[in-house]
Amino acid sequence: MTTHRFGVRLGVALLAVTFAAPCAIAQQSDAPQKPGKMIRAGDVLSGELGVMKVRDTKNRGKRVATYQITSEPRRLPPPNGLCNLETGPETFQLIPTNDAQAAQLKSLSGKAISVKVDEIACAKDAGEMSEAIVTKWSVVAK
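Residues numbered from 1 in each chain as written. Predicted model: local features only at pLDDT ≥ 70, side-chain atom pairs only at ≥ 80, totals over all residues. Heavy atoms only, no water.

Student: Just to check I follow, could you spell out a positive patch on the surface for this structure?
Tutor: There is a patch of like positive charges on the surface, built from Lys53, Arg55, Arg63 and Lys106. Here Lys106 shows up in helix H2 (residues 99-108). (Patch = residues over 30% accessible without salt bridge, like charges linked within 9 Å, V, L, I, M, F, W, Y side chains within 5 Å. Areas by Shrake-Rupley, 256 points an atom, 1.4 Å probe, with all protein chains shown as cover. Salt bridge = Lys/Arg side-chain N within 4 Å of Asp/Glu carboxyl O. Lys, Arg positive; Asp, Glu negative; His and termini not counted. Charge placed at Lys NZ, Arg CZ, Asp CG, Glu CD. Helix = DSSP H or I, 4+ residues; strand = E, 2+ residues; numbered from the N terminus.)

Below, the structure written as structure tokens:
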């Protein structure tokens, strides 16, 4: 038994493989990326602030805002190291510790910001949407 339009599906699949193979080879030939520079407590992290709505597992599935800053790759100090990545994390989740910080992040959503990092670690728990978690931080005025 053959499925309806088997030949068309086979042709599309062959075209996809034909064009995908050179792209994969080109990506492999790129020079390996160097790890980002080390980030320590007191350093400034700059990038665009994004916001996502996720379900909070601790609060009966209530939707909460999660803030994330995308920056250049940065290495974390030991024992976290590179967070099991070749270059270090590029996305950092900002955890607000009070309502004032949450309101501040909400007003800065979608803008380029700088934050002074006081405490940072690799993401380990389910529900963490970034590669690294910044638990203590403060916004730096530009």
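And the narrative resumes.
Student: Would you mind showing me how to read the nonpolar core here?
Tutor: Nonpolar side chains in soluble globular proteins tend to end up buried together. By size, the foremost hydrophobic cluster in this structure holds 18 residues, and its most contacted members are Phe92, Leu94 and Ile120. For this core, the secondary structure elements donating two or more residues are strand S2 (44-55), strand S3 (63-70), strand S5 (91-94), H2, strand S6 (112-122) and strand S7 (132-140). At 5 residues, S6 tops the list of elements feeding residues into this core. (Core = buried A, V, L, I, M, F, W, Y, C linked by side-chain atoms within 4.5 Å. Buried < 20%, exposed > 50% of the residue type's maximum accessible area, 1.4 Å probe, protein only.)

Student: Could you clarify how one ought to interpret the sheet that holds S7 in this entry?
Tutor: Remark on secondary structure: sheet strands pair via backbone hydrogen bonds, oriented parallel or antiparallel. Pairing is mixed around the closed barrel formed by 5 strands, whose spatial order is S2-S3-S5-S7-S6. For this sheet, the mean inter-axis angle between neighbouring strands, taken without regard to orientation, is 50°. In the sheet, S6 pairs with S7 via 8 bridges, with the strands oriented antiparallel. Bridge pairing links Val115 to Val139 in S7. Across the sheet, H2 lies against S2, S3, S5, S6 and S7, angled at about 80° from S7, the strand it touches most. (Pairing = 2+ DSSP bridges. Axes fitted to C-alpha atoms, helices over the stretch in contact; angles between N-to-C directions. Contact = heavy atoms within 4.5 Å.)

Student: What am I meant to see in the pairing of S5 here?
Tutor: On S5, burial covers both faces: Thr91 and Gln93 on one face and Phe92 and Leu94 on the other are all buried. Bridge count between S3 and S5: 4 bridges; the pairing is antiparallel. The residue bridging Ile69 from the neighbouring strand is Phe92, located in S5.

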